[in-house]
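# Examining the three-dimensional arrangement
The chain contents come next:
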Amino acid sequence: MKAGITLLLLVIPLFTIAKEHADPDTAFVRNKMASYQSEADTIADSLWQWAELGYKETRSTALMQDVLSNHGFTVTPGVAGIPTAFEASFGNEGPVIALLAEMDALPGLSQQPSATKQKQPGMENGHACGHHLFAGGAIGAALIIKDYLEQSGLPGQIRVYGTPAEEGGSGKVYMAREGLFDDVDIALHWHPGDRNSARASSSLANKSAKFRFYGVAAHAAAAPERGRSALDAVEAMNMMVNLMREHVPDGTRIHYVITNGGAAPNIVPDFAEVYYYVRSPEPDVVLSLWDRLTTIADAAAMGTETRVDYEVLGGTWNLLPNLTLAAQMDSSMHAIGGIEYSSSEQTFAKDIAPTLGNKATQMVGTQKDIEPFSEVIPVWSASTDVGDVSWQVPTAGIRTATWVPGTPPHSWQAVAAGGTTIGKKGMTLAASTLALTAIKLYQQPEKIKKANAEFNQRRAGIDYQPLVGERQPALNYRD
Ligand SMILES: [Zn+2]
Ligand SMILES: [Zn+2]
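Residues numbered from 1 in each chain as written. Chains lettered and ligands numbered in written order. Predicted model: local features only at pLDDT ≥ 70, side-chain atom pairs only at ≥ 80, totals over all residues. Heavy atoms only, no water.

Time to look at the coordination of the zinc ion (ligand 2). By definition of the ideal shapes, four donors in a tetrahedron about a metal sit 109.5 degrees apart, and six donors in an octahedron sit 90 or 180 degrees apart. Coordination sphere of the zinc ion (ligand 2), protein contribution only: Cys129 (SG), His131 (NE2) and His191 (NE2), at 2.1 to 2.4 Å. Mapping the donors of the zinc ion (ligand 2) onto the primary sequence yields the spacing C-x1-H-x59-H. In this structure, the zinc ion (ligand 2) is positioned 3.2 Å from the zinc ion (ligand 1), and both are ligated by cysteine 129. Within this pair, whereas histidine 131 is found in helix α4 (residues 131-152), its partner histidine 191 is found in strand β5 (residues 186-193), the two being separated by 60 residues in sequence. The exposure class assigned to histidine 131 is buried, which follows from its relative accessible area of 0%. (Donors = N, O, S within 2.8 Å, 3.2 Å for Na, K, Ca; no water. Helix = DSSP H or I, 4+ residues; strand = E, 2+ residues; numbered from the N terminus. Buried < 20%, exposed > 50% of the residue type's maximum accessible area, 1.4 Å probe, protein only.)

We note that alanine 51 has phi near 45 degrees; this positive angle belongs to a residue other than glycine. Phi at histidine 410 is positive, roughly 60 degrees, even though this residue is not glycine. For histidine 410, the location among the structural elements is in the loop between β12 (395-401) and α12 (412-418). Classification of histidine 410 as partly exposed rests on a relative accessible area of 40%.

Let's shift gears to the domain arrangement of the protein chain. What the domain assignment reports for the protein chain is domain 1 (3-202 + 318-459) and domain 2 (205-316). The distance between the C-alpha centroids of domain 1 and domain 2 comes to 37 Å. Each side of the interface is counted separately: domain 1 has 13 residues, and domain 2 has 13 residues. Carbon and sulfur atoms make up 42% of the surface buried where domain 1 meets domain 2, a total of about 820 Å² over both sides. For domain 1, the biggest contributors to the area lost against domain 2 are Gly168, Asn318 and Ser383; these three give 54% of the whole. Where domain 1 packs against domain 2, one counts zero salt bridges. At the boundary of domain 1 with domain 2, the tally comes to four residue pairs in polar contact (both at pLDDT 80 or more). In terms of residue class, the side of domain 1 that touches domain 2 is built from four nonpolar, seven polar and two charged. (Domains from an automatic or database assignment. Contact = heavy atoms within 4.5 Å. Buried area = accessible area lost by both parts, 1.4 Å probe. Salt bridge = Lys/Arg side-chain N within 4 Å of Asp/Glu carboxyl O. Polar contact = N/O pair within 3.5 Å; in protein donor to acceptor, adjacent residues only side chain to side chain. Nonpolar A, V, L, I, M, F, W, Y, C, P; charged D, E, K, R; others polar.)

In this section: the packing of aromatic side chains. Summed over the entire model, instances satisfying the criterion amount to 14 aromatic pairs. Between phenylalanine 28 and tyrosine 148, the aromatic rings sit 5.8 Å apart at their centres with planes inclined by 75 degrees, giving edge-to-face as the arrangement. On the criterion of sequence distance, the pair formed by phenylalanine 28 in helix α2 (residues 24-50) and tyrosine 148 in helix α4 is long-range, its members being 120 residues apart. Residue phenylalanine 28 is classed as buried on the basis of its relative accessible area, which comes to 17%. Owing to a relative accessible area of 9%, tyrosine 148 belongs among the buried residues under this scheme. (Phe/Tyr/Trp six-rings, centres within 6.5 Å; stacked < 30°, edge-to-face > 60°.)

Enumeration over the complete set of coordinates arrives at 19 salt bridges. Here lysine 32 and aspartate 147 are joined by a salt bridge, their closest N and O atoms 3.1 Å apart. Taken as a pair, lysine 32 in helix α2 and aspartate 147 in helix α4 lie far apart in primary sequence, 115 residues in all. Look at aspartate 147 and you get buried, because its relative accessible area is 9%. For lysine 56, the salt bridge goes to aspartate 479, with nearest N and O atoms at 2.5 Å. Of this pair, lysine 56 sits in the loop between α2 and α3 (58-70) while aspartate 479 sits in the segment after α14 (445-459), placing them 423 residues apart in sequence.

Below you can see the structure in the form of structure tokens.
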């Protein structure tokens, strides 16, 4: 008995060591990630400080392009008619694996990297969706992959797409429409989050527009009968849309903000504007709801004796999942492993969690875990322009815990954690997982074929048409 226990004690550490060294690719990725960590961190920190909005990511894109070109990538700036978009490539033959790199911040979410809500002095905007980490992680992965291709001599090409204006600007939709993904075999991406998961998921298709109403200005007290209020039309439209909500398919999301409601109560507003998003898991449902929305806008204008026009600003398809790729991402993520907080990170997490409620407090610690893989495909209640890429080329994405578990995207808590080492640990896990996945795919061309077969089967019979139609990128949608 005693001998048995001794043997067991000996066997466990040996097995652990053997497992860590079992996969030379994992060891390669870890070593390379360590050597590129400071460059990835610099990208993340700089973008976080600059917090540039959609299609205005001038400094962010310049830094990203500099890093890639310094490492021997061929960079083409300003692709698809978007000044801040770019394509960077390395390699001449073999399968093309593309990494997507987002970079835009969100308006009005300035926040310090602290556990209490405090605006960052001199900043209006914030990286509340973690796209600064998205950029650093994608580029970190690309540098590792390039080294692997050079050292292994395997045929393969790596490409990075710098994709601006994800938040409402649909940057990737124009890049896809331009045919930039036509020669790509596989697209990989990731997104910051509050958990580690490689599960395949879908998302909501989305169409958005600003509805602009034009009325007649007049003194609101002295000559109200002479005026026709554009704000009345906005209110009538919102009222009818809110009644429509009862009669829409499950899973629909409709939301709006009034972006212009007039200047002063004593002037009948001759102009008012409302910005709408309509979302559903099915692009067809979005289109049918869109027809109803425009009918309502016309009715609101008619009833208030005003005039309306609208400008579509964005449109994205739902994500087309790919289980073949997701399974590979999951096994790569497990090889790299979950996230350990240092004691100062634990203190930050414990301080910020109560601002997110009891559930978040209980969730702290789950950043060590990786969500179990499943073939069940959930619909994530948000939209992304990665959706349109996923209808051009087999695509897979992961999420990692760059925020304290329990943190929702688009919150000040996301900006705060994203500005600390907590955000960078999630970025490191993502970059390593993407790199290891690409390496495994170059090694197994049959898996790339299998992912393509699944892709062709899932999109069979569906006619992809961009929801933005023929319009050019709305480069000034954040003005
Ligand atoms: Zn977002
Ligand atoms: Zn995002």
